[in-house]
Amino acid sequence: MQNALFDLTGRTALVTGAGRGIGLAIARGLARQGADLALVARTRSQLETARDEIEAETGRKVQVFPFDLADVEGVPSLFEEVLGVVGNVDILVNCAGTTVREPTEEASLESYRRVMDVNLTEVLLLCQAFCRHRQQVGKPGRIINIGSLACHAARPTITAYACSKMGVLGLTRTLAVEWAKYGITVNAIGPGYIATDLTAPLQADAEFSRWVLSKTPLNRWGRPEDLVGAAILLASQAGQFITGQIFYVDGGWTALV
Ligand SMILES: NC(=O)c1ccc[n+]([C@@H]2O[C@H](COP(=O)([O-])OP(=O)(O)OC[C@H]3O[C@@H](n4cnc5c(N)ncnc54)[C@H](OP(=O)(O)O)[C@@H]3O)[C@@H](O)[C@H]2O)c1
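Residues numbered from 1 in each chain as written. Predicted model: local features only at pLDDT ≥ 70, side-chain atom pairs only at ≥ 80, totals over all residues. Heavy atoms only, no water.

(A) Representation of the overall build of the chain in the model. Of the regular secondary structure elements, the chain holds 8 helices and 7 strands. Scaling as 2.2 N^0.38, a compact globule of 257 residues should have a C-alpha radius of gyration of about 18 Å, and the chain matches this with 17 Å. Across its three principal directions, the C-alpha atoms of the chain cover 50 × 40 × 40 Å. Counting only residues that meet the buried cut, the chain has 50% of its 257 residues in that class. Of the contacts formed within the chain by residues at least 6 apart in sequence, a portion of 73% connects residues at least 24 apart. (Helix = DSSP H or I, 4+ residues; strand = E, 2+ residues; numbered from the N terminus. Rg over C-alpha atoms; globule rule 2.2 N^0.38 Å. Buried < 20%, exposed > 50% of the residue type's maximum accessible area, 1.4 Å probe, protein only. Contact = heavy atoms within 4.5 Å.)

(B) Focus on the site of the ligand. Close to the ligand lie 31 residues, the nearest being Arg-42, Thr-43, Tyr-161, Ile-194 and Thr-196. A distance of 2.8 Å is found between an oxygen atom of the ligand and a backbone nitrogen or oxygen belonging to Ile-22. Here Lys-165 contributes a side-chain N or O atom positioned 2.9 Å from an oxygen atom of the ligand. Protein chains shield 97% of the accessible area of the ligand, which is 880 Å² for the free molecule. Counting residues per element, the ones that place at least two in the shell around the ligand are α1 (21-32), α4 (109-137) and α5 (159-179). (Near = heavy atom within 4 Å. Polar contact = N/O pair within 3.5 Å; in protein donor to acceptor, adjacent residues only side chain to side chain. Areas by Shrake-Rupley, 256 points an atom, 1.4 Å probe, with all protein chains shown as cover.)

(C) Looking closely at helix α7 (residues 206-215). The complete set of buried residues in α7 reads Phe-208, Ser-209 and Val-212. End-on view of α7: buried residues confined to an arc of 100 degrees, all on one side of the axis. Structural note: α7 exposes Glu-207, Arg-210 and Ser-214 on the side pointing more than 90 degrees away from its buried face. Its buried side turned inward, α7 meets α6 (200-203). Measuring from the backbone nitrogen of Glu-207 back to the side-chain oxygen at the start of α7 gives 3.1 Å, which picks out Asp-205 as the cap. (Arc of directions from axis to C-beta.)

(D) Examining the layout of surface pockets more closely. The computed volume of the largest pocket comes to approximately 1,000 Å³. Taken together, 46 residues line the largest pocket, and the ones lying closest to its centre are Gly-97, Thr-98, Tyr-161, Thr-196 and Leu-198. Those elements that place two or more of their residues in the lining of the largest pocket are α1, α4 and α5. If you tally residues by element for the lining of the largest pocket, the top one is α1, at 3 residues. Each residue belonging to the lining of the largest pocket can be placed in one class, and the counts come to 23 nonpolar, 15 polar and 8 charged. The computed volume of the second largest pocket comes to approximately 160 Å³. Residue lining of the second largest pocket: 13 residues in total, with Arg-220, Gly-222, Asp-226, Asp-250 and Gly-251 positioned closest to the centre. (1 Å grid on protein atoms, 1.4 Å probe; cavity = no way out; pocket = protein on both sides within 12 Å on 5 of 7 lines; lining within 4 Å. Points joined across faces, edges and corners; volume = space filled by probe spheres on them. Nonpolar A, V, L, I, M, F, W, Y, C, P; charged D, E, K, R; others polar.)

(E) Spotlight on the side chain of His-133. Within the secondary structure, His-133 sits in helix α4. Filtering out sequence-adjacent residues up to four positions away, His-133 remains in contact with Phe-79, Leu-83, Gly-87, Asn-88 and Val-89.

(F) Geometry of the nonpolar core. Within the largest apolar cluster, 35 residues are counted, with the highest numbers of intra-cluster contacts made by Val-15, Ile-26, Leu-30, Leu-37, Leu-39, Val-93 and Ile-189. Elements with a contribution of two residues or more to this core: β1 (12-16), α1, β2 (36-41), α2 (44-58), β3 (62-66), β4 (91-94), β5 (141-146) and α8 (228-235). Top element by residues in this core is α1. It accounts for 7 residues. Contacts of Leu-37, omitting those with residues within four sequence positions, involve Ala-13, Val-15, Ala-27, Leu-30, Ala-31, Ile-54, Lys-61, Val-62 and Gln-63. Counting residues in hydrophobic clusters, the runner-up holds 32 residues, among them Leu-83, Leu-120, Cys-131 and Ile-184. (Core = buried A, V, L, I, M, F, W, Y, C linked by side-chain atoms within 4.5 Å.)

(G) The arrangement of the pairing of strand β6 (residues 184-191) in detail. Most of β6 is tucked away, with 8 of its 8 residues classed as buried. Regarding the hand of the β-α-β motif, the stretch spanning β5, α5 and β6 is right-handed. Two elements, β6 and strand β7 (residues 246-249), share 4 bridges in a ladder whose sense is parallel. Looking at the pairing, Ala-188 lines up with Ile-246 of β7. (Right-handed = clockwise from strand over helix to strand, strands pointing away. Pairing = 2+ DSSP bridges.)

(H) Up close: the packing of aromatic side chains. One pass over the structure, following the stated rule, counts 6 aromatic pairs. Between the aromatic rings of Tyr-193 and Trp-211, the centroid separation amounts to 5.8 Å while the plane-to-plane angle is 85 degrees, which identifies the pairing as edge-to-face. Of the two residues, Tyr-193 sits in the loop between β6 and α6 while Trp-211 sits in helix α7, which places them 18 residues apart along the sequence. Under the relative-accessibility criterion, Tyr-193 is labelled buried at 14%. Of note, Arg-155 hangs over the ring of Trp-211, and the distance from its end group to the ring centre comes to 4.5 Å. Sitting over the ring of Trp-253, Lys-215 keeps its end group 4.6 Å from the ring centre. (Phe/Tyr/Trp six-rings, centres within 6.5 Å; stacked < 30°, edge-to-face > 60°. Lys NZ or Arg CZ within 6 Å of the ring centre and 35° of its normal.)

Take a look at the structure:
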């Protein structure tokens, strides 16, 4: 029998960035706890594969919504489209993200804007649409934003990414205190170095990978599945008094001096 504290039966979660990597692992983990899913990313084929696998394994309903979240003006309509299909969204997981690694003195305004749009502006817009929806249905809700070690510390060449993820932390804390009155909790998860497509160039760099291990007391790269437990906690009854927090899942990275 499902532990009631972590049971998500009857809930629907909208997960962005759910085609692969961390978003896919979190989506699958929420479905295993009983949640139905609405999955967003650009690549339809990855979303459809995710849907087919998750439905076959869990028996939950999974709908897919291919969409480029860089189209920030289109985000409110995307949320309406999702609602039109799934009827109700109880949990919003903002996981879609991108980065550019370049010396800041050479960085273009275009790449800065793109990273800010995909990592931060669309997150704000989805949170707004979600909040209005939860007010309309008069029910509480859960928002989980995926932050980063960049919410905590700096590395060179990722200025836009750092600004966007620091922004995600500011957004998380602001919405937590502003929307508590609606029963909406807002938290962030800060992954350490996780082996995904996003970090493929870093994993391939032996020197960088050694540095990651030297900074990670648990002495390995993280796996997308490592983030699932924190997401279930923040989405479920177990997390009902947690809001405005960032939860680092980083193998001890932020604890090491
Ligand atoms: N991996 C790490 O070490 C790490 C560490 C800290 C934080 N994070 C954060 O975790 C999140 C997920 O990262 P990941 O490592 O799982 O990356 P990933 O494997 O590259 O997956 C990123 C997901 O986001 C989607 N996405 C990217 N741009 C999008 C856009 N413009 N519109 C819609 N969907 C978009 C991708 O699908 P499409 O390409 O098909 O759109 C994909 O499903 C990001 O926010 C990232 O910043 C990752």
